[in-house]
Amino acid sequence: TPLSFGSTVSSEIAKKREQDIYTFSASADTRLFLDALQESPNINARLLSPSGVEVFNTKITSDATRHPVILVENGSYQLIIDGTGELTGSYSFRLHNLSTATTLTTNTVTTGTLNPGSSTNVFRFTGNAGNRLYLDSQTASPNATWLLYGPGNVNEPIDSKPLGNDFEVVLPSS
């Protein structure tokens, strides 16, 4: 099934060993983030590169446990959804292409809604090493989190705080 970046996919694995396979084309250096829209701890998502290399293999659960990935090949990718072992269940997700994320402008208030509440809104901005960045929360949202990633991802965010907290960070050199 063809997959469009940013589109919501909702379906179900109804039988043991069933797989739903979604395909998309992408180029090397594309940054992606799998956004779980529904907690589905019995459902796995596995991304295979054009040459068959596994890019990630994760459960469709909390987004806080996943990080963006950078693709290393040009071509057609497969996102394979299946049950853990012989388990079944429903799932819902979006695959974000981070290069098309909404661009933030400094010193400008940005508002939004997480709908559903388990979803992730992605934004991007241009910064340089040594820039001091202050994220000023305008709301008290104890169940949501800011995650700030650099251009290289390195499997860990630069910083992370509950959305109801302000935070300040100096952008690193790498």
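Everything here concerns the structure above.
Everything quoted here is computed from the prediction, not taken from an experiment.

Could you give an account of the overall build of the chain, with specific residues and numbers?
What the chain contains, in helices and strands, is zero helices and 14 strands. Each helix and strand of the chain, ordered N terminal to C terminal, gives the series β-β-β-β-β-β-β-β-β-β-β-β-β-β. The C-alpha atoms of the chain give 17 Å as radius of gyration, which agrees with the globular expectation for 174 residues (16 Å, within 12%). Relative to its 174 residues, the chain shows a buried fraction of 35%. Taking contacts inside the chain between residues at least 6 apart in sequence as the whole, the part at least 24 apart equals 66%. Split by element, the accessible area of the chain, about 9,900 Å² in all, is 47% carbon and sulfur. For the chain, the distance from the average site of its 11 positive side-chain charges to the average site of its 16 negative ones is 3 Å.

Residues and numbers for the pattern of salt bridges, please.
One pass over the structure, following the stated rule, counts four salt bridges. Glu86 is paired through a salt bridge with Lys16; the nearest N and O atoms lie 3.8 Å apart. Taken together, the residues span a long stretch of sequence, with Glu86 in the loop between strand S7 (75–83) and strand S8 (89–97) and Lys16 in the loop between strand S1 (9–13) and strand S2 (19–26) at a distance of 70 residues. Assessed through its relative accessible area of 56%, Lys16 is described here as exposed. A salt bridge links Glu168 to Arg132; the nearest nitrogen and oxygen atoms lie 3.4 Å apart. Placement of the pair is Glu168 in strand S14 (residues 167–170) and Arg132 in strand S11 (residues 132–135), with a sequence separation of 36 residues. Given a relative accessible area of 59%, Arg132 falls into the exposed group. Shared partners join several salt bridges into a network, and the residues in it are Lys16, Arg17 and Glu86.

An account of the sheet that holds strand S3 (residues 31–36) is requested, with residue identities and associated values reported.
Read from one edge to the other, the open sheet built from four strands follows the order S1-S8-S3-S6, with strand pairing classed as antiparallel. Two strands bound the open sheet, and with one partner strand each, they are S1 and strand S6 (69–70). In this sheet, S6 lies alongside S3 in antiparallel orientation, the contact comprising two bridges. By the bridge assignment, Leu32 is partnered in S6 with Val69.

The rules behind each value
- Residues numbered from 1 in each chain as written.
- Predicted model: local features only at pLDDT ≥ 70, side-chain atom pairs only at ≥ 80, totals over all residues.
- Heavy atoms only, no water.
- Helix = DSSP H or I, 4+ residues; strand = E, 2+ residues; numbered from the N terminus.
- Rg over C-alpha atoms; globule rule 2.2 N^0.38 Å.
- Buried < 20%, exposed > 50% of the residue type's maximum accessible area, 1.4 Å probe, protein only.
- Contact = heavy atoms within 4.5 Å.
- Areas by Shrake-Rupley, 256 points an atom, 1.4 Å probe, with all protein chains shown as cover.
- Lys, Arg positive; Asp, Glu negative; His and termini not counted.
- Charge placed at Lys NZ, Arg CZ, Asp CG, Glu CD.
- Salt bridge = Lys/Arg side-chain N within 4 Å of Asp/Glu carboxyl O.
- Pairing = 2+ DSSP bridges.

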